[in-house]
Amino acid sequence: MSITVREARRGDGPAIHRLVCELAEHHDELDRVVSSPEALEAGLCTSSDRTGCLIAVCDGEPVGFVYWYEIFTTFTAKPKLYMEDICVSRHARGTGAGFALVKALAKICVERDCPRFEWLAMEDNELGQKFYSQIGATVLRGADTWQLWDADIRALAEKE
């Protein structure tokens, strides 16, 4: 079983959508997925200087993806790479696909001189946390992620 990593390209929308649904189901948030394969393909399978999507392929089948973006950080006055989503299909876990994806992102960090590589992991994602520890990542303590969604965003925008 050989894993290769490549950039997402036209035609990958259905596979990415399948993986997004698996990720959402894993987090018990499948009802929040409103994206379509076409919208994901349009957003993730196009070239950009500051964003990217990589696909892990095993025996010709996409088995994982990672979406990342680069943002400027004032502490280093350099960009940092932020991993927004990573997902490896259940049947491909343990094959090295996740490792191959984060290793590819680490190489992008080196190429772009990004001294920071960050992502979030849900508190209940024990397998993910174990994997992240194994690759040498540490948890940033003392920070919580806060979010606004749809109606709350609109309400805030209209607040006087």
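In what follows, the structure referred to is the one given above.
Notes on the structure in this doc start here. (Residues numbered from 1 in each chain as written. Predicted model: local features only at pLDDT ≥ 70, side-chain atom pairs only at ≥ 80, totals over all residues. Heavy atoms only, no water.)

**Thoughts on helix α3 (residues 97-112)**
Then, number 1: The terminal C-alpha atoms of α3 lie 23 Å apart, and with 16 residues this matches the ideal 22 Å at 1.5 Å per residue to within 8%.
Then, number 2: Among the residues of α3, A97, G98, A100, L101, V102, A104, L105, I108 and C109 are the ones counted as buried.
Then, number 3: Turning to α3, the residues buried within the fold contact β1 (3-7), β2 (51-58), β3 (61-73), β4 (78-88), β5 (116-119) and α4 (126-134).
Then, number 4: Phi turns positive, to about 55°, at D113, one or two residues after α3. (Helix = DSSP H or I, 4+ residues; strand = E, 2+ residues; numbered from the N terminus. Expected span 1.5 Å × (residues − 1). Buried < 20%, exposed > 50% of the residue type's maximum accessible area, 1.4 Å probe, protein only. Contact = heavy atoms within 4.5 Å.)

**Describing the pairing of β3**
Then, number 1: Taken together, the 8 bridges between β2 and β3 define a ladder with antiparallel strand orientation. Across the sheet, L54 pairs through a bridge with V66, a residue of β3.
Then, number 2: Where β2 folds back on β3, the antiparallel hairpin that results is connected by 2 residues, among which D59 adopts a positive phi of roughly 50°.
Then, number 3: In the sheet, β3 pairs with β4 via 10 bridges, with the strands oriented antiparallel. Within β4, the residue paired with F65 across the bridge is C87.
Then, number 4: A loop of 4 residues connects β3 with β4, the two strands running antiparallel in sequence, and A77 in this loop sits at a positive phi of about 55°. (Pairing = 2+ DSSP bridges.)

**Quick look at the packing of aromatic side chains**
Then, number 1: Inspection of the entire model under this criterion finds 5 aromatic pairs.
Then, number 2: An aromatic cluster is present here, built from F117, W119, F131 and Y132 joined pairwise through their rings.
Then, number 3: Above the plane of the ring of W149 lies R32, whose end atom (NZ or CZ) is 4.1 Å from the centre. (Phe/Tyr/Trp six-rings, centres within 6.5 Å; stacked < 30°, edge-to-face > 60°. Lys NZ or Arg CZ within 6 Å of the ring centre and 35° of its normal.)

**Section: helix α2 (residues 37-44)**
Then, number 1: Those residues of α2 that sit buried are L40, E41 and L44. When α2 is viewed along its axis, its buried side chains cluster within an angular range of 100° and face the same direction.
Then, number 2: Taken together, the buried residues of α2 touch α1 (13-26), β2 and β3. (Arc of directions from axis to C-beta.)

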